Amino acid sequence: MILSEREYMYTKLRELPFFYVYPAYANFLLVQIQKDGLTSSDVFEACIRDGLMIRDCSSFTGLEGEFVRFCIMLPEHNEQLLNVLKRAVKALLIHAISL
């Protein structure tokens, strides 16, 4: 199940704007956030509010920019994570329009 879910998440994350997902060979994915104003801390906090645990990698040596990492989970939790990421981007875009 991990292999199929990893491939599914990799594919779905690549479809989302503002995220770059690195190819993975383990049970986790590393994602770079490529939208100004959206930080790894923002994404981390949004996930925590939804009961999901991910890793804020902004302090990792060698990673320049905003990165998060998460383990491949059960399909329903993976869908929940995708929804959190979509909501985080949507909230940022709505905020930018209202300024």
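Predicted, not measured: the structure shown is a model, and the values here were computed from it. (Residues numbered from 1 in each chain as written. Predicted model: local features only at pLDDT ≥ 70, side-chain atom pairs only at ≥ 80, totals over all residues. Heavy atoms only, no water.)

S.K.: When you look at the overall build of the chain in this model, what are you seeing that I'm missing?
M.R.: Across its full length, the chain carries three helices and four strands. Its helices and strands taken in sequence order, the chain reads α-β-β-α-β-β-α from the N to the C terminus. The C-alpha radius of gyration of the chain comes to 13 Å, within 12% of the 13 Å expected for a compact globule of 99 residues. A principal-axis box enclosing the C-alpha atoms of the chain has dimensions of 45 × 30 × 25 Å. (Helix = DSSP H or I, 4+ residues; strand = E, 2+ residues; numbered from the N terminus. Rg over C-alpha atoms; globule rule 2.2 N^0.38 Å.)

S.K.: I keep staring at helix H1 (residues 2-15) and nothing clicks. Help me out?
M.R.: The terminal C-alpha atoms of H1 lie 20 Å apart, and with 14 residues this matches the ideal 20 Å at 1.5 Å per residue to within 8%. Here H1 has its buried residues at Glu5, Arg6, Met9, Tyr10 and Leu13. In an axial view of H1, the angular spread of the buried residues amounts to 135°, which keeps them on one side of the axis. What points out from H1, more than 90 degrees from its buried face, is the exposed set Leu3, Arg14 and Glu15. (Expected span 1.5 Å × (residues − 1). Buried < 20%, exposed > 50% of the residue type's maximum accessible area, 1.4 Å probe, protein only. Arc of directions from axis to C-beta.)

S.K.: I tried to follow the nonpolar core on my own but got confused; where do I start?
M.R.: Ranked by internal contacts, the top residues of the largest apolar core, which has 27 residues, are Leu13, Phe19, Leu29, Leu38, Val43, Phe70 and Leu81. When contributions to this core are tallied by element, the ones reaching two or more residues are H1, strand E1 (19-21), strand E2 (28-33), helix H2 (40-49), strand E4 (66-71) and helix H3 (75-98). The biggest single contributor to this core is H3, with seven residues. Apart from residues lying up to four places away in sequence, Leu13 is in contact with Phe19, Val21, Leu29, Val31, Phe70, Leu82 and Leu85. (Core = buried A, V, L, I, M, F, W, Y, C linked by side-chain atoms within 4.5 Å. Contact = heavy atoms within 4.5 Å.)

S.K.: Is there a simple way to think about the pattern of salt bridges in this case?
M.R.: Pairing between side chains becomes possible if they bear opposite charge and their charged atoms approach one another. Tallying each qualifying case throughout the model produces two salt bridges. In this structure, Lys12 and Glu15 form a salt bridge, with 3.7 Å as the shortest nitrogen-oxygen distance. On the criterion of helical spacing, the pair formed by Lys12 and Glu15 is a turn pair, its members being three residues apart in helix H1. Arg87 is the salt-bridge partner of Asp50, the closest N and O atoms lying 2.9 Å from each other. Highlighted residues: Asp50 in the loop between H2 and strand E3 (55-56) and Arg87 in helix H3, separated in sequence by 37 residues. The class for Asp50 is partly exposed, based on a relative accessible area of 29%. (Salt bridge = Lys/Arg side-chain N within 4 Å of Asp/Glu carboxyl O.)

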